[in-house]
Amino acid sequence: MNKISILDAGSGPGTITISTLDFLKKLQDVYASRKINVKLSIKIDSIEPIKENIDCYNELTSDYLSDTFLDNTFVTLNKPVQTSIEKIKMTQSFDLLIFSNILAEMPAPPAGSR
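Parameters at a glance
Every chain is numbered on its own, with residues counted from 1 as its sequence reads. Per-residue local features of the predicted model are confined to residues with pLDDT of at least 70, and side-chain atom pairs are confined, for both listing and counting, to 80 or more; whole-chain, interface and lining totals are unaffected and use all residues. Heavy atoms throughout the structure, all of them, feed into the side-chain values; hydrogens and water do not. In plain words, nonpolar cores are sets of buried Ala, Val, Leu, Ile, Met, Phe, Trp, Tyr and Cys residues tied together by side-chain atoms within 4.5 Å. We call a residue buried when its accessible area falls under 20% of the maximum for its residue type, exposed when it is over 50%, and partly exposed in between, using a 1.4 Å probe and counting protein chains only. Strands are runs of DSSP state E lasting at least two residues, helices are runs of H or I lasting at least four, and both sets are numbered from the N terminus onward. Only strands joined by at least two bridges in the DSSP assignment are considered to pair. An axis is simply a line fitted to the C-alpha atoms; with a helix, the fit covers only the stretch in contact. Between two such axes, the angle follows the N-to-C directions and lies from 0 to 180 degrees. Here a residue-residue contact requires only that any non-hydrogen atoms of the pair lie within 4.5 Å.

**Q** Provide a residue-level description of the nonpolar core, including the pertinent values.
**A** Counting residues in hydrophobic clusters, the biggest one holds 11 residues: Ile6, Ile18, Leu21, Leu24, Val38, Leu40, Ile42, Ile44, Tyr57, Tyr64 and Ile98. Where this core is concerned, the elements lending two or more residues are α1 (15-33), β2 (40-47) and α2 (51-65). Ranked by size, the runner-up nonpolar core spans 6 residues in total, among them Leu7, Ala9, Ile85 and Phe94.

In structure tokens:
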């Protein structure tokens, strides 16, 4: 099984999460059309400080996941953590970190980035 864990930092309403899932779905479609059996396990976590964005994220991603994936793709989509990126304590590692515009929105550069 091929596994990937993703952190969508500053997820907003879920556009990056949904586009990532869409890409992986298309990848699985290519495998299926070529009769290649590849199993994927995808885990996505997200961080978002704004409640309205989290509500949109939950609704849009659940609608997207309801009928999108093939049988050999397992998706774990954890509920967004409501906090700012500066306050989060990372307790796990990820294969892919996505910071869509979040760094430009921070009031100061992250510690140690200079």
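**Q** How would you sum up the sheet that holds strand β1 (residues 2-9)? Please name residues and give values.
**A** The 4 strands lie next to each other as β3-β2-β1-β4, forming an open sheet whose pairing is parallel. Edge positions in the sheet fall to β3 (73-77) and β4 (96-99), since each has one partner strand and no second. Strand after strand, the sheet turns through a mean of 20° between neighbouring axes, direction not considered. Here β2 pairs with β3 via 5 bridges, running parallel. Paired with Ile42 across the strands is Val75, a residue of β3.

**Q** Could you give me a rundown of the environment of Ile47, with the residues and numbers involved?
**A** One can find Ile47 in strand β2. Exposure remark for Ile47: the relative accessible area of 3% places this residue in the buried category. Considering only alpha carbons, one finds Ile47 and Pro80, 33 residues apart in sequence, at a separation of 5.4 Å. Aside from chain neighbours lying at most four places away, what touches Ile47 is Leu7, Asp8, Ala9, Gly10, Ser11, Val81, Thr83, Ser84, Ile85 and Ile88.

**Q** I'd like a description of the side chain of Ser46, backed by residues and values.
**A** For Ser46, the location among the structural elements is in strand β2. The residues contacting Ser46, other than those within four sequence positions of it, are Leu7, Asp8, Ser11, Tyr57, Asn78, Pro80 and Val81.

As far as function goes, none of this settles anything; it's purely spatial.
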